[in-house]
Amino acid sequence: MSPTLAANGDVAGTKSASGRISSVYSEVQKSRIDHELPLPSVLRSSFKIVDGPASSAAGNPGEIAKLFPNLFGQPSAKLVPSESDALQPEKNLNIGVVLSGGQAPGGHNVICGIFDYLQERAKGSTLYGFRGGPAGIMKCKYVELNTEYIYPYRNQGGFDMICSGRDKIETPEQFKQAEETALKLDLDGLLVIGGDDSNTNACLLAEDFRGKNLKTQVLGCPKTIDGDLKCKEVPTSFGFDTACKIYAEMIGNVMVDARSTGKYYHFVRLMGRAASHITLECALQTHPNITIIGEEVAAKKLTLKNVTDYIVDVICKRAELGYNYGVILIPEGLIDFIPEVQHLIAELNEILAQDIVDEGGLWKKKLTNQSLQLFDLLPQAIQEQLMLERDPHGNVQVAKIETEKMLIQMAETELEKRKQEGAYKGQFKGQSHFFGYEGRCGLPTNFDSSYCYALGYAAGALLQGGKTGLISSVGNLAAPVEEWTVGGTALTSLMDVERRHGKLKPVIKKAMVELDGAPFKKFASMRDEWAVTNCYISPGPIQFHGPASNAVNHTLLLELGAQA
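Please read these numbers as outputs of a predicted model, since none were measured by experiment.

The number of helices and strands found in the protein chain is 19 helices and 15 strands. The C-alpha atoms of the protein chain give a radius of gyration of 25 Å, which matches the 24 Å a tight globule of 564 residues would have. Taking the principal axes of the C-alpha coordinates as reference, the protein chain spans close to 80 × 55 × 45 Å. The buried share among the 564 residues of the protein chain stands at 56%. For the protein chain, restricting intrachain contacts to residue pairs at least 6 apart in sequence, the fraction spanning at least 24 positions comes to 78%. Accessible surface, the protein chain: about 23,600 Å² in total, of which carbon and sulfur atoms supply 49%. Computed over 57 positive and 66 negative side-chain charges, the inter-centroid distance for the protein chain is 1 Å.

Turning our attention to the sheet that holds strand E2 (residues 77–81). Taken together, nine strands build an open sheet; the order of strands is E1-E2-E13-E12-E7-E6-E3-E4-E5 and the sheet is mixed. At either end of the open sheet lies a strand with only one pairing partner, and these are strand E1 (47–51) and strand E5 (142–145). Neighbour-to-neighbour, the strand axes of the sheet open up by a mean angle of 30°, direction not taken into account. Alignment of strand E6 (residues 189–194) against strand E7 (residues 217–222), held across six bridges, turns out to be parallel.

Counted residue by residue, strand E8 (residues 265–270) has six buried out of six residues, so it is predominantly covered. Burial along E8 is two-sided: the residues Tyr265, Phe267 and Arg269 and His266, Val268 and Leu270 are all buried.

Below, the discussion takes up the pattern of salt bridges. According to the stated counting rule, one finds 22 salt bridges in the structure shown. Salt-bridge contacts for aspartate 228 lead to lysine 510; the nearest nitrogen and oxygen are separated by 3.5 Å. Residue aspartate 228 is located in the loop between E7 and helix H8 (240–261), and its partner lysine 510 is located in the loop between strand E15 (503–508) and helix H18 (518–532); the two are separated by 282 residues in the primary sequence. Given the relative accessible area of 3%, aspartate 228 is considered buried.

This part takes up the packing of aromatic side chains. Given two aromatic rings, their pairing is described by the distance between the two centres and the angle made by the two planes. Under the criterion given, the structure shown has 13 aromatic pairs. Taking 5.2 Å as the distance between ring centres and 85° as the angle between the ring planes, the aromatic pair formed by tyrosine 128 and tyrosine 142 counts as edge-to-face. Separated by 14 residues along the polypeptide, tyrosine 128 in strand E4 (residues 126–130) and tyrosine 142 in strand E5 bring together distant segments of the chain. Plain terms: the ring middles of tyrosine 453 and tyrosine 457 are 6.1 Å apart, the flat faces sit at 45° to each other, and that makes the pair tilted. Here tyrosine 457 and tyrosine 453 lie together in helix H17 (residues 446–464), a separation of four residues that amounts to about one turn. Classification of tyrosine 457 by relative accessible area gives buried; the value is 2%. Three or more aromatic residues joined by ring pairs make a cluster, and in this case those are Tyr117, Tyr453 and Tyr457. Above the face of the tyrosine 325 ring, arginine 318 is positioned so that its terminal group lies 5.4 Å from the ring centre.

So, on to the packing of helix H3 (residues 107–121) against H17. Two numbers describe a pair of packed helices, the interaxial angle and the distance between the axes. For the pair H3 and H17, the least separation of the axes is 7 Å and the interaxial angle reads 45°. By the angle between their directions, the pair H3 and H17 is classed as oblique. The crossing of H3 and H17 is right-handed. Here Gly107, Asn109, Val110, Cys112, Gly113, Ile114, Asp116, Tyr117, Glu120 and Arg121 of H3 lie close against H17, whose contacting residues are Ser449, Cys452, Tyr453, Gly456, Tyr457, Ala459, Gly460, Ala461, Leu463 and Gln464. Here the residues of the contact of H3 with H17 are counted per class, giving ten nonpolar, seven polar and three charged.

Turning to the confidence of the model for the protein chain, a few remarks are in order. Interpretation of this model should avoid reading the predicted coordinates in detail wherever pLDDT is low. Residue-level pLDDT values for the protein chain average 92, and 94% of them are 70 or greater. Predicted confidence for residues 6–21 stays below pLDDT 50, and this span has 38 contacts to residues more than four positions away or in other chains.

Moving on to unusual backbone geometry. Only a minority of non-glycine residues have a phi that is not negative, and only a minority of peptide bonds are not trans. Phi at histidine 287 takes a positive value of approximately 65°, unusual for a residue other than glycine. Relative to the helices and strands, histidine 287 is located in the loop between helix H9 (277–286) and strand E9 (290–291). Phi is positive for asparagine 476, which is not a glycine, with a value near 55°. Its location among the elements puts asparagine 476 in the loop between strand E12 (470–475) and strand E13 (485–490).

Further remarks concern the packing of helix H11 (residues 304–320) against H18. At a closest axis distance of 8 Å, the pairing of H11 and H18 adopts a crossing angle of 50°. Relative to H18, H11 is oriented oblique. Packed against H11, whose contacting residues are Tyr310, Val314, Lys317 and Arg318, the element H18 presents Arg527, Ala531 and Val532 at the interface. The class makeup of the residues in the contact of H11 with H18 is four nonpolar, no polar and three charged.

The rules we used
- Residues numbered from 1 in each chain as written.
- Predicted model: local features only at pLDDT ≥ 70, side-chain atom pairs only at ≥ 80, totals over all residues.
- Heavy atoms only, no water.
- Helix = DSSP H or I, 4+ residues; strand = E, 2+ residues; numbered from the N terminus.
- Rg over C-alpha atoms; globule rule 2.2 N^0.38 Å.
- Buried < 20%, exposed > 50% of the residue type's maximum accessible area, 1.4 Å probe, protein only.
- Contact = heavy atoms within 4.5 Å.
- Areas by Shrake-Rupley, 256 points an atom, 1.4 Å probe, with all protein chains shown as cover.
- Lys, Arg positive; Asp, Glu negative; His and termini not counted.
- Charge placed at Lys NZ, Arg CZ, Asp CG, Glu CD.
- Pairing = 2+ DSSP bridges.
- Axes fitted to C-alpha atoms, helices over the stretch in contact; angles between N-to-C directions.
- Salt bridge = Lys/Arg side-chain N within 4 Å of Asp/Glu carboxyl O.
- Phe/Tyr/Trp six-rings, centres within 6.5 Å; stacked < 30°, edge-to-face > 60°.
- Lys NZ or Arg CZ within 6 Å of the ring centre and 35° of its normal.
- Parallel < 35°, antiparallel > 145°, perpendicular 65-115°, else oblique.
- Left-handed = near helix turned anticlockwise from the far one by under 90°.
- Nonpolar A, V, L, I, M, F, W, Y, C, P; charged D, E, K, R; others polar.
- pLDDT = per-residue confidence, 0-100.

The following block contains the structure:
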């Protein structure tokens, strides 16, 4: 029997990971806690695990084979119906679970899924939640998860059940700490819920444990709202569906505002450092006047002026039609896609690494003429943001670069020039927005709730079946949940290598927007019409009941060929 909710919305007698009584719940949150989730039919009856053919790698298979001698080439796995359950354990299982990296809606349901699997199919097993991300593994900080503890987090957003972190298990000492934790808790398995870096780390841990003959199996789970962790076997990462619908609601609201005032251009920067999937999906959902896709900018080798001119051209055309307002979508990582800016950033990285920046600006002499001209062209605020401290991977912190404000200023300058030339007679007022963390912790959609639950449940089956080095994968997602396929994909099959600090490092290849893919082609076929005709769509808030409640995002449906 599930724990009860107190009259004020508190979950009676339930404590959160921080030891506090869970916060007050809204009526919607309470209704979601008890929302029953369907499972793929293969998980609702007896099944067995069938191995596929030997796997390779996404790139440089020879190097990946050297880096993962114990895992490389292992097959992916698929769950198929069976007359009898082939996975009854001889003993209870001890399983650990950890949240790694940024939040994504549905993470709690992954934990609920593996917990319910152990309760139903491996009775007497124990599930440990490592607190604060991978650091919790290394420091052996955990909580034993039970029905009462998990209950208030079912179908809820956030990662606050056990919280997350961005630590990596990389050094020999850190691997030793993880090994000691696995031995102390007598772990049979560990599930790492994270993005591409986190799943690469999971594979390294699986390789290390297997090389040391530890019994602890390690699996991954695909999490990132950015949508850049996917392949044929892993059609989407969880959280993408929810985040895009949250952003689309806000964009729709901005569109109504733009049409109502008739005098503002709203420049909206959206999450997505390395890929423009969120921006593309939000465009398909809302039909803005202008959408910049980073991958297209890179493919066409566009300059910052090219991008600015494209925006200004549309603004001028709309002014001729009497429209002095509009909505423009920009991916967070746009600045990283512009080749000339990439060169500038690379040169700045070298200068910052040598710590030779001086207040007098003499350091600028270290820049090439092309980079110096571009740097001087940028608004001062953007110049300062480009000089900020790099992230742990040595990358510019693009989330802190206000690209939308930069483009507003550059558009203002160009429009003033055209006005003096008589080529523009409208009025321009820019409004800047950044929709970021707002999308990471919302109540998961029905799709993400069910998808995450199935991913967690599948992970339980794979760990019980003795699998390691796989990422939990659920497919056939355009069909009803009952028809979804379930299995695990070899993590090494998703990997390539990059040279970092003079050494080859394994990385899961990021899935970028494919310019010859169905989602981009659909967008490209409609953007000229959207530019000058107000085709705005306001999707409204996420629906949990009714005709739109189970709608799957455009990107996934188009990629799966389920939408023309």
